Amino acid sequence: MSEDYSALRACIYQTESDLKRFRQLVVNTVMATDIADKELQALRKARWETAFSKVESATVPADEDVESEDRKATIVIEHLIQASDVSHTMQHWHIYKKWNEKFFMECYGAYREGRADSDPSETWYKGEIGFFDFYIIPLARKLQNCGVFGVSSDEYLNYATSNREEWVREGESIVQQYLAEYNKRAAS
């Protein structure tokens, strides 16, 4: 490695073992944003279960306790990155709708330009409901359960649940509004 940022690196790690641990943490964190890979999702879920299982034990040796805390910290960081990637879904309805529209326009534009095989408008409504049910709300519950955000976790879960309910009521017409807006922009 070059000498650039050597002072920063010295703060992050002092040993070869620390460097390997830090590198693995960075790799896991980046990979956490890949929510389409089912195998990675299954591995993360298993690590979560291991880290936060409620196994009762009388005494835990110190080295196992440190390993357990490291595992928890790693998996929490991965979930924080996932939450930041989809944070609009756990905020006020207007924020969710704004970023949902931007993503729809990107996907629909790719379809119209021949860079995507399927028309996202055909599945967007139901896809969002599934996204809330199988990814967003479970993620918000995990963040709530691990306590990393304190009482704010309740707010994130409430917004996710509320946005899902609003999407169920309004989503089909919103997708039609997105299409109309795309066509309006394309015509000008």
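Report follows, based on the coordinates. What you see is a predicted model, and the numbers here were worked out from it, not measured in a lab.

Now for the overall build of the protein chain. Check the secondary structure of the protein chain and you find 7 helices and 0 strands. Each helix (α) and strand (β) of the protein chain, taken in turn from the N terminus, gives the series α-α-α-α-α-α-α. Against the 2.2 N^0.38 benchmark of 16 Å for 188 residues, the protein chain shows a C-alpha radius of gyration of 21 Å, more extended than a compact globule. Counting only C-alpha atoms and orienting by the principal axes, one finds that the protein chain spans roughly 65 × 45 × 30 Å. A burial count over the protein chain gives 30% of its 188 residues as buried. Nonlocal contacts in the protein chain, meaning residues at least 24 apart in sequence, comprise 68% of its contacts between residues at least 6 apart. Accessible surface for the protein chain amounts to roughly 12,300 Å². Of this, 53% is attributable to carbon and sulfur atoms. For the protein chain, the distance from the average position of its 23 positive side-chain charges to the average position of its 32 negative side-chain charges is 3 Å.

A cluster of nonpolar side chains, namely Y5, L8, I12, F22, V26 and V30, defines an oily patch on the protein surface of about 570 Å² accessible area. Contributions of two or more residues to the nonpolar patch are made by α1 (6-12) and α2 (16-31). By the element assignment, F22 lies in helix α2.

Next up on the list: the packing of aromatic side chains. Tallied over the full model, the rule gives 14 aromatic pairs. Aromatic pair Y125 and W167: ring centres 6.3 Å apart, planes at 25 degrees, arrangement stacked. In this pair, Y125 sits in helix α6 (residues 124-146) while W167 sits in helix α7 (residues 152-187), placing the two residues 42 residues apart along the sequence. W167 shares its class with Y125; the two are buried. Lying over the aromatic face of W99, K102 brings its terminal NZ or CZ to 5.6 Å of the ring centre.

A rise of 1.5 Å per residue sets the reference length of α7, with its 36 residues, at 52 Å; its end C-alpha atoms lie only 43 Å apart and thus fall more than 12% short of the reference. The largest bend along α7 measures about 65 degrees and falls at E170. Of all the residues in α7, the buried ones are S153, L157, A160, N163, W167, G171, I174, V175, Y178, L179 and Y182. Buried residues in α7 make contact with α5 (93-112) and α6.

With that out of the way, let us pick up the nonpolar core. Of all hydrophobic cores here, the largest spans 26 residues; its most connected members are M90, F104, I136, L139, W167 and Y178. Every element with two or more residues in this core is listed here: α5, α6 and α7. Sorting elements by how many residues they give to this core places α6 first, with 10 residues. When sequence neighbours within four positions are dropped, the list of residues in contact with W167 reads W93, Y96, N100, W124, Y125, E128, I129, I174, V175 and Y178. Counting 5 residues, the second largest nonpolar core, distinct from the first, contains W48, A51, V76 and C146.

Rules of the game
- Residues numbered from 1 in each chain as written.
- Predicted model: local features only at pLDDT ≥ 70, side-chain atom pairs only at ≥ 80, totals over all residues.
- Heavy atoms only, no water.
- Helix = DSSP H or I, 4+ residues; strand = E, 2+ residues; numbered from the N terminus.
- Rg over C-alpha atoms; globule rule 2.2 N^0.38 Å.
- Buried < 20%, exposed > 50% of the residue type's maximum accessible area, 1.4 Å probe, protein only.
- Contact = heavy atoms within 4.5 Å.
- Areas by Shrake-Rupley, 256 points an atom, 1.4 Å probe, with all protein chains shown as cover.
- Lys, Arg positive; Asp, Glu negative; His and termini not counted.
- Charge placed at Lys NZ, Arg CZ, Asp CG, Glu CD.
- Patch = residues over 30% accessible without salt bridge, like charges linked within 9 Å, V, L, I, M, F, W, Y side chains within 5 Å.
- Salt bridge = Lys/Arg side-chain N within 4 Å of Asp/Glu carboxyl O.
- Phe/Tyr/Trp six-rings, centres within 6.5 Å; stacked < 30°, edge-to-face > 60°.
- Lys NZ or Arg CZ within 6 Å of the ring centre and 35° of its normal.
- Expected span 1.5 Å × (residues − 1).
- Bend = angle between axes of the 7 residues up to and from the residue.
- Core = buried A, V, L, I, M, F, W, Y, C linked by side-chain atoms within 4.5 Å.

Any functional reading would require information beyond the geometric quantities listed.
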